[in-house]
Amino acid sequence: RAHLEEGGGEAVIGITRAHLEEDAGKLNHVGGSGNVSTATHSLADYNRAGVALLEIVTEPDFKNGKEVSAYGQELRRIVRYLKASDGNLNEGSMRCDVNVSVKPVGRKRFGTKVEVKNMNSFNAMARAIDYEIERQEKLYKEGRGDEIVQETRTWDDQNQRTVTMRKKEGLADYRYFPEPDLNPLVCSQNYVKIVREEMPELPNEIRDRYKSLGLPDGDIQVLVEDENLVRFYDEILSASISNSNSSREVNISKQAANWLTNDLLAFVKNEKLSTPYDLKLKPEEIAEFCFLIENGEISGKIGKDILPDLLTNGGSPRKLVEEKGLMQISDPAEIEKIVQKVLESNQSQLEQYRSGKTKLKGFFVGACLRESGGRANPTLTDEILTRLLSEG
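Below, the structure is looked at part by part.

Rules used in this analysis
- Residues numbered from 1 in each chain as written.
- Predicted model: local features only at pLDDT ≥ 70, side-chain atom pairs only at ≥ 80, totals over all residues.
- Heavy atoms only, no water.
- Pairing = 2+ DSSP bridges.
- Helix = DSSP H or I, 4+ residues; strand = E, 2+ residues; numbered from the N terminus.
- Axes fitted to C-alpha atoms, helices over the stretch in contact; angles between N-to-C directions.
- Contact = heavy atoms within 4.5 Å.
- Polar contact = N/O pair within 3.5 Å; in protein donor to acceptor, adjacent residues only side chain to side chain.
- Buried < 20%, exposed > 50% of the residue type's maximum accessible area, 1.4 Å probe, protein only.
- Right-handed = clockwise from strand over helix to strand, strands pointing away.
- Expected span 1.5 Å × (residues − 1).
- Core = buried A, V, L, I, M, F, W, Y, C linked by side-chain atoms within 4.5 Å.
- Phe/Tyr/Trp six-rings, centres within 6.5 Å; stacked < 30°, edge-to-face > 60°.
- Lys NZ or Arg CZ within 6 Å of the ring centre and 35° of its normal.
- Parallel < 35°, antiparallel > 145°, perpendicular 65-115°, else oblique.
- Left-handed = near helix turned anticlockwise from the far one by under 90°.
- Nonpolar A, V, L, I, M, F, W, Y, C, P; charged D, E, K, R; others polar.

### What to know about the sheet that holds strand β10 (residues 161-167)
So, step 1. Spatially, β7-β8-β9-β10 is the arrangement adopted by the four strands of the open sheet, whose pairing is mixed. Looking at the sheet topology across the chains shown, the edges are occupied by β7 (98-100) and β10. Strand-to-strand twist of the sheet, defined as the mean angle between neighbouring strand axes without regard to direction, takes the value 35°.
So, step 2. Examined bridge by bridge, strand β9 (residues 151-156) and β10 share six bridges and lie antiparallel to one another. When the bridges of β10 are listed, T152 appears paired with R166.
So, step 3. Each of β7, β8 (114-117), β9 and β10 is contacted by helix α2 (residues 122-141), which is oriented at about 125° to β9, the strand it contacts most.

The following block contains the structure:
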């Protein structure tokens, strides 16, 4: 399954075969803009020659460049989680060549396929495929379908188009034949079962697990993109939180995902940290921070206010909140006193509100929060304020 980031959803992609071959090295194009179509000459690099390559061939199940890009990114996540490769396209650790063919409406068979190579990013891959589809469709519509020949084209990123690289031989010209010195390798079902059991949790399984926690798709995709982030998030969830004041079960999964994928991850990037494990704020402290908010002991606003201090110095969020006297006021009687004081201090606005200017409610909400130093429970404050405003 390939998870589609844009618009969500999934596409099921069939696998034709997977086989091992040897890397033949690579060409470095010199001069011009650095691509094969403008280079003055090319240098052959044989440092990788002989390194084992795994080639995975898919069925023609893709409809556009976006789906191919999504499949490629999911495949890269898998090999990274398996520690099989870093999957970096720009370094040649992973390469994607694409066969593109189209067919006019009503025709059963696809037309001549064209191979597109030299796409060094997933964005370039999506653009190259969509360009090639459009090029072939245009030729068909103009009655020039016979000009689509079996060939290899390269993606010219500078001009955003594919250009002819070389004409393609037929399948027979590759002279495929079984390697006589290699015996067939047959894996028993028991061996396959053992390998599957030893494999780590893969991106799709993690994605399904996080969906069961009710996490938004956007947060899930950010987390799954980085194995370290997944491990860090799971440690936050599994951190033991001791709080005798809570009489109900508190689920911090959404709070933790939201803070981690936004504020905490932004701090990691801005401070040029390698992983979230470099934060001074540890998983158990982040769990405590999220618990305080989810349990209504502090508001999200107070959480936002104290987070820079926690990220800079680390330590217990509960201790910091108590030292600063920032515990949220959730006693209805105490909040009602605050609201009463605000209404008594703003008689003119109160009369206007009761005369029909109901937009002034925002003014009273802000005044109540200021009076409480931002500590009043927003939900309770709104309920009590609404009731007192309607009285009289």
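### Looking at the side chain of S69
So, step 1. Along the chain, S69 turns up in helix α1 (residues 65-81).
So, step 2. For S69, the side chain forms a polar contact with the main-chain oxygen of F122, separated by 3.4 Å.
So, step 3. Once you skip the residues sitting within four places of it in the chain, S69 turns out to touch F122, M125 and A126.

### Description of the pairing of β9
So, step 1. β9 sits mainly inside the fold: six of its six residues count as buried.
So, step 2. The alternating pattern of β9 places E151, R153 and W155 and T152, T154 and D156 on opposite faces, both of which are buried.
So, step 3. Pairing of β8 with β9, which is carried by three bridges, proceeds in the parallel orientation. Within the sheet, the bridge partner assigned to K117 lies in β9 and is T154.
So, step 4. Handedness of the crossover joining β8 and β9 through α2: left-handed.
So, step 5. With antiparallel pairing between neighbouring strands as the criterion, β9 and β10 make up a hairpin whose turn holds four residues, including Q160 at a positive phi of roughly 55°.

### Remarks on helix α14 (residues 378-390)
So, step 1. Taking 1.5 Å per residue as the helical rise, α14 with its 13 residues ought to reach 18 Å, and the 18 Å between its terminal C-alpha atoms agrees with that figure.
So, step 2. Looking at the buried side of α14, the elements it contacts are α11 (332-345), α12 (347-354) and α13 (361-371).
So, step 3. Between the side-chain oxygen at the start of α14 and the backbone nitrogen of T379 there is a gap of 3.0 Å, and the oxygen is on N377.

### Describing unusual backbone geometry
So, step 1. A positive phi angle, close to 60°, is found at K83, a residue other than glycine.
So, step 2. Judged by its relative accessible area of 61%, K83 is exposed.
So, step 3. Residue Q160 is not a glycine yet carries a positive backbone phi of 55°.
So, step 4. Note that Q160 resides in the loop between β9 and β10.

### A short note on the nonpolar core
So, step 1. Grouped together as the largest cluster of nonpolar side chains are 41 residues, with contacts concentrated most on Y210, L223, Y233, I236, L260, F289 and I306.
So, step 2. With residues up to four places along the chain from it excluded, the contact list for Y233 reads Y210, L213, L215, L223, S253, A256, A257 and L260.

### With respect to the packing of aromatic side chains
For any pair of aromatic rings, the description consists of the separation of the ring centres together with the inter-plane angle of the planes.
So, step 1. Scanning all chains against the criterion turns up seven aromatic pairs.
So, step 2. For the pair F363 and F364, a centre-to-centre distance of 5.3 Å together with 70° between the ring planes defines the contact as edge-to-face.
So, step 3. For F364, a relative accessible area of 0% translates into the label buried.
So, step 4. Site record: aromatic cluster; members linked through ring pairs are Y353, F363 and F364.
So, step 5. The cationic tip of K103 hangs over the ring face of F110; the distance from NZ or CZ to the ring centre is 5.0 Å.

### Some points on the packing of helix α9 (residues 300-313) against helix α10 (residues 317-324)
So, step 1. Between α9 and α10, the least distance of the axes is 11 Å, while the angle of their chain directions is 120°. Comparing the axis directions of α9 and α10 gives the class oblique. As for the relative orientation of α9 and α10, their crossing is right-handed in sense. Facing I306, D309 and L310 of α9, the residues of α10 in contact are P317, L320, V321 and K324.
So, step 2. Residue composition of the contact of α9 with α10, grouped by class: five nonpolar, no polar and two charged.

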